[in-house]
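Close look at the chain arrangement
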There are 2 protein chains.
Amino acid sequence: MKETMFREALVSLLEEKKYATLRDILVTLNPADIAGLFAELPERRLPLLFRLLPKELAAETVVEMEPEQQELLIQGFSDSELKEVIDELYLDDAVDLIEEMPANVVRRILGSADPDTRKMINELLKYPEDSAGSLMTVEYVSLRPTVTVEQAIRQIRRTGIDKETVYTCYVIGDDRRLLGFVSVRTLLVSEEETPIEEVMETNVIYVHTSEDKEEVANLIRRYDFIALPVVDEEQRLVGIVTVDDALDVMQEEFTEDLERIAAITPTDKPYLRMGVLELYKSRILWLLLLMISATFTGTIITSFESALAAQVALASFIPMLMNTGGNCGSQTSVTVIRGLSLGEIDFADLPRVLWKEARVSLLCGVTLAAASFLKLLLFDKVGMAIAGVICVTLFATVICAKLVGCVLPILSKKLGLDPAVMSNPFITTIVDAVSLIIYFQVATKALGL
Amino acid sequence: MKETMFREALVSLLEEKKYATLRDILVTLNPADIAGLFAELPERRLPLLFRLLPKELAAETVVEMEPEQQELLIQGFSDSELKEVIDELYLDDAVDLIEEMPANVVRRILGSADPDTRKMINELLKYPEDSAGSLMTVEYVSLRPTVTVEQAIRQIRRTGIDKETVYTCYVIGDDRRLLGFVSVRTLLVSEEETPIEEVMETNVIYVHTSEDKEEVANLIRRYDFIALPVVDEEQRLVGIVTVDDALDVMQEEFTEDLERIAAITPTDKPYLRMGVLELYKSRILWLLLLMISATFTGTIITSFESALAAQVALASFIPMLMNTGGNCGSQTSVTVIRGLSLGEIDFADLPRVLWKEARVSLLCGVTLAAASFLKLLLFDKVGMAIAGVICVTLFATVICAKLVGCVLPILSKKLGLDPAVMSNPFITTIVDAVSLIIYFQVATKALGL
């Protein structure tokens, strides 16, 4: 409510051309909030509003905006305005921006940057999109091991304003090889004349440029880092990934995993900003695919039509069998997928996981079959034979579901596929099919159909 | 592989009583890694290994360990050893530790702390478990507005070693009211004689002690903070939440959401460390509950048994209808739950979400019904009438699934319930029931059964 009123106030000021007032208000806001406001205002207003912002705030705001609006703004910029914005950006933010733009806009952006910046951006753009190299920035503080604490602090005072972070400084040798790191806190509490090499931490945890971004985020989270250094094949320091990037990567990866498990083709946009056609396209593919595979399970029922005709009551329990199989499969697959994401489980753990799931499925299977048996006899009054058929199938379904549910994600990851994609959709199909085959086979034999 | 060899080397050294060597190795490791190693070693070795660690490293390692092992260690400590460890901990870590311990251990821990520490810990323990108050620490740097930049840096030098973070300093008035903040970077690049109040940022984004921890993490992520200040009802600064806590909260909250959606009772342990009985208990409750609700859908089929007996072919398409309904429901509910978690959607957006889902479901419903119709006629050769019944039901199922899928989570959140709990399990039950009722009603009328 408050945000709408605020937005309407801004639009009024804009219409009344009260630019100085608008500017005064905007500069008190955080870039993330300004971007959020701009997203809800009419697009034609954006260029004007944007020009009210001071250079640094303007650049920080661009970074927080959605790609469509960034593109719109850039198209409205003159070449010198574009150059000003690009020059203000940290390199990793410039790379993020460029990665979302169409080719002609990219050419324009690169053309407006000065040659050194352009060279560095091109270097960063070479890295694959999900790698540490694509996340990192080159604006960090590097120190020689022989400088003193006092000299280091003076260096930070001089150059710190342009660095993405000054809080962790990296110590490098002549060949740029990473020797250690030292935090600003350590610098501030150490004796001024001490050489850096005496206070620096030499056990550096680092990643290579090719490291997966999810692993980068996991490391930052595990070790409570502010920044993580990135090296090339020769162990030379080439950039750093900061903790704010880790937070963003974690959010993106979670959302993507969740969408994959729910059979959605992942997109990167907030729900309310997605159009109807976009949502449709992200969902319909899997829906069609899964509908086709579900008809496969249907043909199993068709092949047992005579058995079903002889004992129609059997049909009533199909939903319960399939749902239970689905839930069992989900429980296991989701747990395993999460473990794979967090690096807690890997392919070598497959025997251990299988053994654990086998025992859990036995316990669950027995519990559910027993509960079901009682219920069928006492409430549904189907008779011992049918109750037996149902419970035997239920037991087998639970076991099958949990075993398939843990094997498929782990195998997928081993084969280089995304375990979340392989999860619920395929698991459900396999388990449903097995469940129905067992159901009708047992029923046919036990009931003499 | 490497880790196992390393671990075995350590055990050998331990058995050979080569304690000095062991200590030399351990001090090169990061606390998170030491805790990881300890977790895989025989428990009886822990007290001995732990005593090899220097005080500060020992305390940091305790923080990273699982609660069962923390308890084991503490039980093995003498009172003075316990006091040493507790005194070394940051207060928020001490609170986290205490929250996981049984009552007698808690009493012992509090008894060993000095009176001031005990008082502060008790203050922090009063906050509800999922609030900003329970996450925060009180070891931050606070400055008076009239001190100069130089005096501030000197204060950090003197006291910084004990602070959780020195990188953001908070400026408070006489009554401890939060006036602003200033980063260490700003201090380092500013003129030494400038009063703090001239360089500080006065637009402070803060939270109250009662704020939900997921919202705290969202704010830290949105604004790229290193720390977020926490105030009481009178706007007095009482603590800070640091970015490393935000990363941990994000991981916990996402795992919890995922587990809830998969009908698992959330636990906080890594999968491989959970015992068979624990896994069983976290899953069986929902499995039983959902099995019962699935039998409800079964009774719908039973009530239409005569229709089914007349046209047994109808049974073959029940899996496809139910699966499609389930997938449609999942896609929507998962997207909405994610939006609710990230603060992108709230109750006021319900009409907007409903309208969007209505249109998407129309598109999906028409596409799926059309594809199904073609397939039924060309491949299954069921005849126009039955194909029509199936496709009309499919269309209605898709629409119902997506509408229920967006309403239920949003309503749940409004009613103060966890939307993830309300999601797939209940949605599937409702959608299955509606789907089957429509199926048999349409079939009965259209086919004259």
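Source: prediction; values computed, not measured.

**Side note on the sheet that holds strand β3 (residues 178-183) of chain A**
Residues and elements named next belong to chain A. The mixed open sheet is built from 3 strands, whose spatial order is β1-β2-β3. Only two strands of the sheet have a single partner each, and these edge strands are β1 (141-143) and β3. Across this sheet, the average inter-strand angle for adjacent strands is 35°, counted without regard to direction. Bridge count for β1 against strand β2 (residues 168-172) is 3 bridges, and the pairing is parallel. The partner of Leu143 across the bridge, within β2, is Val171. On top of the sheet, helix α12 (residues 149-159) reaches β1 and β2; it is set at about 150° to β1, its chief contact.

**Here we look at the side chain of B:Thr165**
Within the fold, B:Thr165 resides in the loop between α12 (149-159) and β2 (168-172). Of the residues examined, B:Thr165 reaches a relative accessible area of 5% and is grouped as buried. Only 3.2 Å separates the side chain of B:Thr165 from the backbone nitrogen of B:Tyr167, close enough to count as a polar contact. Dropping the residues within four chain positions of it, B:Thr165 is found in contact with A:Arg185, B:Glu139, B:Tyr140, B:Val141, B:Ile226, B:Ala227, B:Ile240 and B:Thr242.

**Here we look at the relation of the copies chain B and chain A**
For the pair chain B and chain A, the superposition axis carries a translation of 0.0 Å, the fit reaches an RMSD of 0.1 Å, and the rotation angle comes to 180°. The two molecules are tied by a two-fold rotation axis, judged by turn and shift. Comparing interface residues between copies, 99% of those in chain B also lie at the interface in chain A; the contact surface is shared.

**Focus: the pairing of strand β3 (residues 178-183) of chain B**
Residue and element names in this part refer to chain B. In this structure, β2 lies alongside β3, joined through 5 bridges in antiparallel fashion. The residue bridging Cys169 from the neighbouring strand is Val182, located in β3. The antiparallel hairpin formed by β2 and β3 contains 5 residues in its connecting segment, where Arg176 sits at a positive phi of about 65°.

**Considerations on the domain arrangement of chain A**
Annotation of chain A at the domain level lists domain 1 (2-126), domain 2 (142-248) and domain 3 (271-446). The gap between the C-alpha centroids of domain 1 of chain A and domain 2 of chain A is 30 Å.

**A closer look at a negative patch on the surface**
The grouping of A:Glu56, A:Glu60, A:Glu64, A:Glu84, A:Glu88, A:Asp162 and B:Asp224 at the surface amounts to a negative patch. Elements supplying a minimum of two residues to the negative patch: α5 (55-64) and α7 (79-88) of chain A. Broken down by element, the residue count for the negative patch peaks at 3 residues, all from α5(A). With respect to the helices, strands and loops of the structure, A:Glu60 is situated in helix α5.

**Description of the interface of chain B and chain A**
Each side of the interface is counted separately: chain B has 110 residues, and chain A has 109 residues. Regarding the contact of chain B and chain A, the summed buried area is about 10300 Å², with carbon and sulfur atoms giving 67% of it. The three residues of chain B that bury the most area against chain A are B:Arg185, B:Tyr271 and B:Leu272, which together make up 8% of that side's buried surface. Applying the counting criterion to the chain B and chain A interface returns 6 salt bridges. Measuring nitrogen to oxygen at the nearest pair gives 2.6 Å for the salt bridge that ties B:Arg222 to A:Asp33. Linking chain B with chain A are 38 residue pairs in polar contact (both at pLDDT 80 or more).

**A short note on the pattern of salt bridges**
The tally for this structure, following the rule as stated, stands at 42 salt bridges over all chains. Salt-bridge contacts for B:Glu278 lead to B:Lys269; the nearest nitrogen and oxygen are separated by 3.3 Å. Put simply, A:Glu40, A:Glu66 and A:Arg273 are held in one network by salt bridges that share partners.

**Quick word on the packing of helix α7 (residues 79-88) of chain B against helix α9 (residues 103-112) of chain B**
All names here are of chain B. Direction vectors running N to C along α7 and α9 enclose 75°, while the axes themselves pass 8 Å from each other. It follows that α7 is roughly perpendicular to α9 by the angle criterion. The residues of α9 that touch α7, namely those facing Asp79, Leu82, Lys83 and Ile86, are Arg108, Ile109 and Ser112.

**Points about the packing of aromatic side chains**
In total, this model carries 14 aromatic pairs over all chains according to the counting rule given. Measuring from centroid to centroid gives 5.5 Å for A:Phe50 and A:Phe77, while their planes differ by 40°, and the two rings are tilted. Separated by 27 residues along the polypeptide, A:Phe50 in helix α4 (residues 46-51) and A:Phe77 in the loop between α6 (67-76) and α7 bring together distant segments of the chain. The same class applies to A:Phe50 as to A:Phe77, namely buried. Between A:Tyr140 and A:Tyr170, the ring centres sit 6.4 Å apart and the planes meet at 90°, which makes this aromatic pair edge-to-face. Within this pair, whereas A:Tyr140 is found in the loop between α11 (132-135) and β1, its partner A:Tyr170 is found in strand β2, the two being separated by 30 residues in sequence. As far as burial versus exposure is concerned, A:Tyr140 and A:Tyr170 are alike and both buried. Joined through ring pairs, the aromatic side chains of A:Phe304, A:Tyr439 and A:Phe440 make up one cluster. Here the basic side chain of A:Lys356 rests over the ring of B:Tyr271, its NZ or CZ set 5.9 Å away from the ring centre.

**A short note on a nonpolar patch on the surface**
A cluster of nonpolar side chains, contributed by A:Leu374, A:Leu378 and A:Phe379, occupies part of the molecular surface with about 380 Å² of accessible area. Locating A:Leu378 in the fold gives a position in helix α20 (residues 350-380).

**A look at unusual backbone geometry**
With phi around 70°, A:Arg176 is a residue other than glycine that occupies positive phi space. Following the sequence through the fold, A:Arg176 ends up in the loop between β2 and β3. Of note in the backbone geometry, B:Gln235 takes a positive phi value of approximately 65° without being a glycine. Mapped onto the elements of the fold, B:Gln235 is located in the loop between β5 (227-231) and β6 (237-242).

**Description of the confidence of the model for chain A**
Residues and elements named next belong to chain A. Taken residue by residue, chain A gives an average pLDDT of 88. The fraction at 70 or more is 99%. Put simply, helix α1 (residues 2-15) is where chain A has its lowest mean pLDDT, 78, and strand β4 (residues 207-208) is where it has its highest, 96. Scored as a complex, the prediction yields pTM 0.84 and ipTM 0.84.

**Regarding the nonpolar core**
By size, the foremost hydrophobic cluster in this structure holds 139 residues, and its most contacted members are A:Phe38 and B:Phe38. The contacts of B:Phe38, once residues within four sequence positions are left out, are B:Leu26, B:Leu46, B:Leu49, B:Phe50, B:Leu53, B:Thr61, B:Met65 and B:Gln69.

**Here we look at the packing of helix α16 (residues 243-261) of chain B against helix α19 (residues 318-341) of chain B**
All names here are of chain B. Direction vectors running N to C along α16 and α19 enclose 150°, while the axes themselves pass 12 Å from each other. Viewed along their axes, α16 and α19 adopt a mutual orientation that is roughly antiparallel. For the pair α16 and α19, the crossing hand works out as right-handed. When α16 is examined against α19, the residues Phe254, Asp257 and Ile261 are found in contact with a partner set consisting of Val334, Ile337, Arg338 and Ser341.

Cut-offs and rules
- Residues numbered from 1 in each chain as written.
- Chains lettered and ligands numbered in written order.
- Predicted model: local features only at pLDDT ≥ 70, side-chain atom pairs only at ≥ 80, totals over all residues.
- Heavy atoms only, no water.
- Pairing = 2+ DSSP bridges.
- Helix = DSSP H or I, 4+ residues; strand = E, 2+ residues; numbered from the N terminus.
- Axes fitted to C-alpha atoms, helices over the stretch in contact; angles between N-to-C directions.
- Contact = heavy atoms within 4.5 Å.
- Buried < 20%, exposed > 50% of the residue type's maximum accessible area, 1.4 Å probe, protein only.
- Polar contact = N/O pair within 3.5 Å; in protein donor to acceptor, adjacent residues only side chain to side chain.
- Least-squares fit on C-alpha atoms with pLDDT ≥ 70 in both.
- Domains from an automatic or database assignment.
- Patch = residues over 30% accessible without salt bridge, like charges linked within 9 Å, V, L, I, M, F, W, Y side chains within 5 Å.
- Areas by Shrake-Rupley, 256 points an atom, 1.4 Å probe, with all protein chains shown as cover.
- Salt bridge = Lys/Arg side-chain N within 4 Å of Asp/Glu carboxyl O.
- Lys, Arg positive; Asp, Glu negative; His and termini not counted.
- Charge placed at Lys NZ, Arg CZ, Asp CG, Glu CD.
- Buried area = accessible area lost by both parts, 1.4 Å probe.
- Parallel < 35°, antiparallel > 145°, perpendicular 65-115°, else oblique.
- Phe/Tyr/Trp six-rings, centres within 6.5 Å; stacked < 30°, edge-to-face > 60°.
- Lys NZ or Arg CZ within 6 Å of the ring centre and 35° of its normal.
- pLDDT = per-residue confidence, 0-100.
- Core = buried A, V, L, I, M, F, W, Y, C linked by side-chain atoms within 4.5 Å.
- Left-handed = near helix turned anticlockwise from the far one by under 90°.

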